[in-house]
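One-letter residues, chain by chain:
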Amino acid sequence: MFKIVRRQEMSGGTVILNEIEAPLIAKKAHPGQFVILKANEDGERIPLTMADTDPKKGTITIIYMVVGKSTALFRDLQVGDVYQDVIGPLGKATHLEKVGKVICVGGGTGVAVLHPITRGLKEIGNDVTCIIGARNKDLLILEDEMKKASHDLRVCTDDGSYGHHGFVTQVMKDVLDAGDVKLVVAIGPVPMMKAVSKITKDYNVPTMVSLNPIMVDGTGMCGGCRVSVGGKTQFACVDGPEFDGHKVDFDELMLRLQAYCEDEKMCHNEFCMLEESWHK
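Here goes a summary of the coordinates provided. (Residues numbered from 1 in each chain as written. Predicted model: local features only at pLDDT ≥ 70, side-chain atom pairs only at ≥ 80, totals over all residues. Heavy atoms only, no water.)

The strand order across the open sheet built from three strands is 4-3-8, with neighbouring strands paired in antiparallel fashion. The sheet is open, and its two borders are formed by strand 4 (46-49) and strand 8 (85-90), each paired with just one other strand. Here the strands of the sheet are splayed against their neighbours by 25° on average, with no regard to which way each runs. Direction of pairing for strand 3 (residues 34-38) relative to strand 4: antiparallel, over a ladder of four bridges. In the strand pairing of strand 4, Leu37 is matched with Ile46. (Pairing = 2+ DSSP bridges. Helix = DSSP H or I, 4+ residues; strand = E, 2+ residues; numbered from the N terminus. Axes fitted to C-alpha atoms, helices over the stretch in contact; angles between N-to-C directions.)

Structure, rendered in structure tokens:
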């Protein structure tokens, strides 16, 4: 059993932070790796990339958006409650090295995944500019944490309610135009990662993306996370989740992501209706 020691609601309750007691995982985990969580005996196994780890406290932190039945079940867990299973660390750790000027771009809950990577790149001596974005101010997460993890934080909102009015790609182009960028790391919605990779390819700047959104069982057994990278089939959970953004077939990836959207929405609605009946 893995106890929740801290819980925080973000984005109006649609995004949840859980800090979980998992000392062995916290001791071994590195930026970019993920865990598989299961709420109870009948729950589904969900892979989530860790937003933070604290080896001294023996805790890991996950941040997730409530989109389906399983994440709705996670949302009901409070401080003191437990996850039946937490397995990890899984996936390949981020390759961190000192290269010089780096841009880290995050969107939505992808900012949570980007956080430890950004901090790691700064700690080893890189000059890190971080650009985070969301549809509006209320949906932004981890602004203070990302400010500490980088040298220069720039915030964007699609509706202009906070920070730069526009997309993260527009701000990124300004930084690229200033020159001498050695690496871009982009984590967030797949369309955002696709757009970032398309732009950086024109600038000939190496770009790393995280394909954690497509992972299903997290072990390579189900094959649901198949993705074409450089014309070869890769599995996001065991070969990644991080890949060269210039080699990823994003169009194929987006089609695969849409495969279970209707089933996910239906299960979520049925679960919410069942919850309502419990409280009557």
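Attention now moves to the layout of surface pockets. Picture a little ball the size of a water molecule; that probe, rolled over the atoms, points out where space is still empty. In this structure, the second largest pocket spans a volume of roughly 370 Å³. Forming the walls of the second largest pocket are 21 residues, and the residues nearest its centre are Gln8, Met10, Leu17, Leu142 and Glu145. Where the lining of the second largest pocket is concerned, the elements lending two or more residues are strand 1 (2-10), strand 2 (15-21), strand 5 (52-54), strand 6 (59-65) and helix 4 (143-149). When grouped by side-chain class, the residues that make up the lining of the second largest pocket number eight nonpolar, five polar and eight charged. (1 Å grid on protein atoms, 1.4 Å probe; cavity = no way out; pocket = protein on both sides within 12 Å on 5 of 7 lines; lining within 4 Å. Points joined across faces, edges and corners; volume = space filled by probe spheres on them. Nonpolar A, V, L, I, M, F, W, Y, C, P; charged D, E, K, R; others polar.)

This brings us to the pairing of strand 11 (residues 152-157). Two elements, strand 10 (residues 127-134) and strand 11, share six bridges in a ladder whose sense is parallel. Within strand 11, the residue paired with Gly133 across the bridge is Cys156. After leaving strand 10, the chain enters helix 4 and then returns to the sheet as strand 11, a path that is right-handed. As paired strands, strand 11 and strand 12 (residues 164-165) are joined by two bridges and run parallel to one another. Looking at strand 12, one finds that Thr157 is bridged to His165. (Right-handed = clockwise from strand over helix to strand, strands pointing away.)

So yeah, pure geometry; function would need other evidence.
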